[in-house]
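Survey of secondary and tertiary structure
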2 protein chains.
Amino acid sequence: MHNPDHSDHGRDVSAGEVLAPYLHARAADFLRGLRLHAESGSDTAGSEEAARTLRGAARRISGTLHTFRPLLDTAWADQLRTELAWLSGTLALEQACTSRLVRLVDALSRLSSGTGTGHGGGPVPAARGSEAAGLTVGAARAGALLERQLTLARTRAHSASLQALGSARFHAVADAVALLASEVPLGPVGAAPAIEVLDGPAEVAERRLLDAVAALPLTRAAHPYNADALALAAGEGQDAPWHQTRLLLRLHRYACEALHTGGEPHSVLYEAARALDRHRDAAEAATAAATAARTPRIAPATAYALGVLHADQRHEVEAARFAFQRAWRRTTAPVP
Amino acid sequence: MHNPDHSDHGRDVSAGEVLAPYLHARAADFLRGLRLHAESGSDTAGSEEAARTLRGAARRISGTLHTFRPLLDTAWADQLRTELAWLSGTLALEQACTSRLVRLVDALSRLSSGTGTGHGGGPVPAARGSEAAGLTVGAARAGALLERQLTLARTRAHSASLQALGSARFHAVADAVALLASEVPLGPVGAAPAIEVLDGPAEVAERRLLDAVAALPLTRAAHPYNADALALAAGEGQDAPWHQTRLLLRLHRYACEALHTGGEPHSVLYEAARALDRHRDAAEAATAAATAARTPRIAPATAYALGVLHADQRHEVEAARFAFQRAWRRTTAPVP
């Protein structure tokens with residue numbers, strides 16, 4: 001990881017002047033998302049695009065307020081951050097249900113089809129004896145069960161999103177972001193020269209990330225098929241440091257974005273971030289399979305297919321850890 | 001793979017004279033296994049050791065008769081090979097049931113415990129919320145079910161072994177092997193100089209192995225977490241070429257042993273062979289889990305744990321393919 005290039009942050013440029021264009025631009029993105037939402041009406045693709053834009057902007061504003069808090073009007077920053085966290089959390093749920101369902105249905109279809117995911121060769125007939133037939137029946141029932149449960153959750157999340165976007169609370173957030181599009185409320189330190197006060201907060205964000213990565217079992221993760229992620233009862237406990245790293249990596253990336261205004265930061269960090277997104281998605285999909293398996297009165301064949309699916313998604317969790325360590329080793333990070 | 005060092009197989013040494021010491025020694029091993037069996041009585045460890053010795057000798061004799069058939073009295077070789085295959089197949093079943101049960105119970109315990117298999121750190125409490133608790137109950141019931149089923153199968157296999165070892169058919173095999181300990185029935189070609197006729201059959205065995213390996217999806221297997229082995233419905237179909245390679249690798253190894261009398265062949269081939277053994281064991285354990293899941297009237301929690309176990313063992317199948325390709329790349333084999 002390189003330190004940001006501050007060649008243009010001389011003594012004559014204040015920290016606030018460096019941060020403001022980034023926050024203005026993200027606030028403008030947010031307002032664009034708002035317009036998209038107003039225009040989308042019943043167009044599903046349009047309203048998904050609107051929610052994605054709003055969430056992306058909200059995450060970046062919130063991250064910047066967090067990292068560069070010492071330079072800002074802290075009371076304002078803390079207040080806006082809380083509200084943005086509420087908003088992006090609410091908006092994220094619907095998309096999470098959709099992508100979780102897609103992930104689980106795809107996995108079930110891969111598991112119960114007769115073909116591998118790769119290397120040529122024609123399709124293999126789907127049913128090979130009773131083993132495959134049993135799984136096919138169970139997989140179909142498991143798929144239907146998951147579809148019912150996740151569609152219901154998605155419908156609820158959709159209503160919650162619509163309600164949030166129509167609420168007075170949301171209008172207050174939108175007003176605050178509209179102000180941010182033209183003015184950033186700085187604290188006293190925000191007026192100091194960028195070269196003196198901007199690196200500190202960014203370095204804190206990077207240091208927290210490096211410490212979190214250093215605490216991950218990366219050597220273990222570099223051994224393919226270590227089966228660590230398959231210690232199912234330890235699931236949430238063992239996943240937490242990876243989820244935390246995902247959030248810290250995001251904060252670090254946004255800090256890089258804010259300081260390299262306009263420049264694309266290290267593509268390898270994006271790759272590492274994608275691996276951690278996949279880690280989170282697979283872990284949550286595994287939990288959804290386990291939850292579905294606790295539905296009362298399901299058939300044993302359905303429970304069996306859900307068990308296969310649960311382990312399959314934990315296998316994906318392990319694969320994501322492997323991918324993360326591989327991407328991370330390509331960063332130039334001076335891991336302590 | 002190196003060609004065997006035939007420096008001592010000059011024109012003055014016949015092929016039969018090279019093969020005979022190896023077959024004599026393996027026949028002596030067989031007879032030693034027989035004595036161990038007679039002496040073991042109700043000593044389980046002793047009778048397992050006896051069965052292992054008998055099987056190892058039977059496999060090597062049978063493999064040598066197969067590979068070097070053109071040099072031998074073919075009618076005798078074919079007849080003895082059939083009988084040895086019957087014997088080692090019968091003796092293998094009991095051990096297979098035992099090791100399958102151990103493998104499955106270990107996997108269940110790993111899956112339902114709260115700890116990963118590796119990297120330090122104290123044990124994690126086993127039950128983390130209802131997800132883990134549900135799996136723990138299911139795993140215990142699945143373990144009990146597998147234990148019942150595999151113990152029954154093992155008891156049957158044990159009776160079948162004892163019956164086989166007491167049969168007239170077995171005594172005829174033992175007599176044939178006792179003769180082999182002092183004399184090898186050769187065909188006309190067996191009297192020809194070793195240098196002229198010994199390499200051909202060994203090269204055929206090696207060529208069949210190389211062809212089988214070349215047809216395996218090794219490039220795919222080299223990508224960790226390719227999830228190929230998790231296309232469950234294709235299970236048996238996709239496993240067959242690997243199982244076949246396992247048998248051909250064994251024949252090749254025995255041919256190397258026979259020609260390097262006394263020398264240990266390439267350790268890397270042993271490693272590749274171990275990976276294929278593990279591949280076979282995991283594939284069969286996965287099938288046993290799937291079979292247990294079809295037991296009528298099992299609880300959904302039991303079926304769920306068996307589904308997790310099935311996928312876990314298929315994950316092991318994939319891991320074994322990865323290990324095989326890694327070991328194989330270290331051979332000096334001129335893969336065509």
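Refer to the structure above for everything that follows.
Note that the coordinates shown come from a computational prediction; the quantities given were computed from them, not determined experimentally.

Quick notes on the rules
- Residues numbered from 1 in each chain as written.
- Chains lettered and ligands numbered in written order.
- Predicted model: local features only at pLDDT ≥ 70, side-chain atom pairs only at ≥ 80, totals over all residues.
- Heavy atoms only, no water.
- Axes fitted to C-alpha atoms, helices over the stretch in contact; angles between N-to-C directions.
- Helix = DSSP H or I, 4+ residues; strand = E, 2+ residues; numbered from the N terminus.
- Parallel < 35°, antiparallel > 145°, perpendicular 65-115°, else oblique.
- Left-handed = near helix turned anticlockwise from the far one by under 90°.
- Contact = heavy atoms within 4.5 Å.
- Nonpolar A, V, L, I, M, F, W, Y, C, P; charged D, E, K, R; others polar.
- Salt bridge = Lys/Arg side-chain N within 4 Å of Asp/Glu carboxyl O.
- Buried < 20%, exposed > 50% of the residue type's maximum accessible area, 1.4 Å probe, protein only.
- Polar contact = N/O pair within 3.5 Å; in protein donor to acceptor, adjacent residues only side chain to side chain.

To continue, consider the packing of helix H11 (residues 300–329) of chain A against helix H11 (residues 300–329) of chain B. At their nearest, the axes of H11 of chain A and H11 of chain B sit 6 Å apart, and the two run at 40° to each other. Considered as vectors, H11 of chain A and H11 of chain B are oriented oblique to each other. Crossing handedness for the pair H11 of chain A and H11 of chain B: right-handed. Taken together, the residues of H11 of chain B that come into contact with H11 of chain A (itself represented by Pro 300, Ala 303, Tyr 304, Leu 306, Gly 307, Val 308, His 310, Ala 311, Asp 312, His 315 and Glu 318 of chain A) are Pro 300, Ala 303, Tyr 304, Leu 306, Gly 307, Val 308, His 310, Ala 311, Asp 312, His 315 and Glu 318 of chain B. Its residues assigned to classes, the contact of H11 of chain A with H11 of chain B shows twelve nonpolar, six polar and four charged.

For side chains bearing opposite charge, pairing can occur when the charged atoms are close. This model, assessed by the stated rule, comprises 34 salt bridges over all chains. A salt bridge links Arg 32 of chain B to Asp 29 of chain B; the nearest nitrogen and oxygen atoms lie 3.7 Å apart. On the criterion of helical spacing, the pair formed by Arg 32 of chain B and Asp 29 of chain B is a turn pair, its members being three residues apart in helix H1 (residues 15–40). Through salt bridges with shared partners, a single network forms among Arg 26, Asp 29 and Arg 32 of chain A.

All names here are of chain B. In this structure, Tyr 225 is a non-glycine residue whose phi angle is positive, near 65°. Tracing the chain through its elements places Tyr 225 in the loop between helix H8 (218–221) and helix H9 (235–259). A residue is classified by how much of its surface remains accessible, and Tyr 225, at 8% relative accessible area, is buried. Phi at Arg 297 is positive, roughly 60°, even though this residue is not glycine. In this fold, Arg 297 is placed in the loop between helix H10 (267–293) and H11.

Residue and element names in this part refer to chain A. Turning to its location among the elements, Asn 226 is positioned in the loop between helix H8 (218–221) and helix H9 (235–259). The exposure class assigned to Asn 226 is buried, which follows from its relative accessible area of 9%. Taking the C-alpha atoms as reference points, Asn 226 and Glu 318, separated by 92 residues in sequence, lie 8.1 Å from one another. From its side chain, Asn 226 meets the backbone nitrogen of Asp 228 in a polar contact 2.8 Å long.

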